[in-house]
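# Observations on the three-dimensional arrangement
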Amino acid sequence: DQQVKQNSPSLSVQEGRISILNCDYTNSMFDYFLWYKKYPAEGPTFLISISSIKDKNEDGRFTVFLNKSAKHLSLHIVPSQPGDSAVYFCAVEPGAGSYQLTFGKGTKLSVIP
Amino acid sequence: DAGITQSPRYKITETGRQVTLMCHQTWSHSYMFWYRQDLGHGLRLIYYSAAADITDKGEVPDGYVVSRSKTENFPLTLESATRSQTSVYFCASSEQGANTEAFFGQGTRLTVV
């Protein structure tokens, strides 16, 4: 049973527009939520995170929103750039001393120049 | 060079053979992780370590063995490789655990024939 779902395998966006990547989770007790970006033939790189006590976290062009009542997480990229084309994974950490991250299956973002 | 390195980058082995994937980090991070990435599954945690000589199972530990005699090294051994262990393996390290930024290696693509 998937604890973290990224229902869109792929997304195409025009350069300069907003990219919105979505993630749903099942357990309301999850404590931390993270986004990682992955280019082909490279390891994932950390992008941004948010704890369950917040509903928004911003870092430059990247903003993560957390809707706890809907158990929904989204990543907004504004404006989108061709270099943002990658696979984006959301991940959750249960907290309570757990060291385990559970990843979604990823969404491949293509930013079209 | 500072960072986290995995070796080898590519490996082909036969069913039943023992194979060890190496991971080395230069930051002295306490936490280290091994993930596998398969099509349709995202990244799944195999084993993790909170410190030297402290290791624990992740989501998919069967068929794998780890050790951590030194903080900087975290080798992953497949005791008797099976075709289902064909995958891309990523090692990661972090300073404070899974809910903080983790740094990933470039991955090892393992093929079991």
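About the cut-offs
- Residues numbered from 1 in each chain as written.
- Chains lettered and ligands numbered in written order.
- Predicted model: local features only at pLDDT ≥ 70, side-chain atom pairs only at ≥ 80, totals over all residues.
- Heavy atoms only, no water.
- Helix = DSSP H or I, 4+ residues; strand = E, 2+ residues; numbered from the N terminus.
- Buried < 20%, exposed > 50% of the residue type's maximum accessible area, 1.4 Å probe, protein only.
- Salt bridge = Lys/Arg side-chain N within 4 Å of Asp/Glu carboxyl O.
- Patch = residues over 30% accessible without salt bridge, like charges linked within 9 Å, V, L, I, M, F, W, Y side chains within 5 Å.
- Areas by Shrake-Rupley, 256 points an atom, 1.4 Å probe, with all protein chains shown as cover.
- Pairing = 2+ DSSP bridges.
- Axes fitted to C-alpha atoms, helices over the stretch in contact; angles between N-to-C directions.
- Phe/Tyr/Trp six-rings, centres within 6.5 Å; stacked < 30°, edge-to-face > 60°.

### Section: the environment of Lys5(A)
Residues and elements named next belong to chain A. Mapped onto the elements, lysine 5 comes out in strand β1 (residues 4-5). Assessed through its relative accessible area of 35%, lysine 5 is described here as partly exposed. Linking lysine 5 and histidine 72, residues 67 residues apart in sequence, is a C-alpha distance of 9.6 Å.

### Description of the pattern of salt bridges
One side chain can pair with another of opposite charge once the charged atoms of both are near each other. Residue and element names in this part refer to chain B. Scanning the model with the defined rule gives five salt bridges over all chains in all. The salt bridge partner of aspartate 38 is arginine 36, with a shortest N-O separation of 2.8 Å. Comparing aspartate 38 with arginine 36, the two get one shared label, buried. On the accessibility criterion, aspartate 38 (14% relative accessible area) is buried. When salt bridges that share partners are traced, they join Arg36, Asp38 and Arg44 into one network.

### Thoughts on a nonpolar patch on the surface
Where nonpolar side chains cluster on the molecular surface, the patch consists of Ile18(A), Ile20(A) and Val78(A) and spans about 220 Å² of accessible area. If you trace the backbone, Val78(A) turns up in the loop between β8 (72-77) and β9 (86-93).

### Some thoughts on the sheet that holds strand β3 (residues 19-25) of chain B
Residues and elements named next belong to chain B. The four strands lie next to each other as β1-β3-β8-β7, forming an open sheet whose pairing is antiparallel. Strand pairing shows two members of the sheet lacking a second neighbour, β1 (4-7) and β7 (64-66), which therefore form its edges. Averaged over neighbouring strand pairs, the angle between their axes works out to 15° when direction is ignored. Across three bridges, the pairing between β7 and strand β8 (residues 76-78) is antiparallel. When the bridges of β8 are listed, valine 65 appears paired with threonine 77.

### A closer look at the packing of aromatic side chains
Under the defined criterion, the tally for this structure stands at 13 aromatic pairs over all chains. Consider the rings of Phe89(A) and Phe103(A), whose centres lie 6.3 Å apart with planes at 85°: the pair is edge-to-face. Taken together, the positions of Phe89(A) in strand β9 and Phe103(A) in strand β10 (residues 102-103) put the pair 14 residues apart, joining distant regions of the chain. Relative accessible area serves as the criterion here: at 1%, Phe89(A) is assigned to the buried category. Linked through ring pairs, Tyr36(A), Phe46(A), Phe89(A), Phe103(A), Phe33(B), Tyr35(B), Tyr48(B), Phe90(B) and Phe104(B) together constitute an aromatic cluster.

### Examining the sheet that holds strand β7 (residues 62-67) of chain A
Strands in a sheet are paired, the pairing made by backbone hydrogen bonds, and the direction either parallel or antiparallel. All names here are of chain A. Read from one edge to the other, the open sheet built from five strands follows the order β1-β3-β8-β7-β6, with strand pairing classed as antiparallel. Here the strands that pair on one side only, and so sit at the sheet edges, are β1 and β6 (56-59). Both β1 and strand β3 (residues 19-25) contribute to a ladder of two bridges, which runs antiparallel. Considered in β3, the bridge of valine 4 is made with tyrosine 25.

### Notes on the pairing of β3(B)
All names here are of chain B. Burial along β3 is one-sided: the face carrying Val19, Leu21, Cys23 and Gln25 is buried and the face carrying Thr20, Met22 and His24 is not. Inspection of the sheet shows β1 paired to β3 by four bridges, in the antiparallel sense. For isoleucine 4, the partnering residue across the bridge sits in β3 and is glutamine 25. One ladder, built from three bridges, connects β3 with β8; its direction is antiparallel. Bridge pairing links leucine 21 to leucine 76 in β8.

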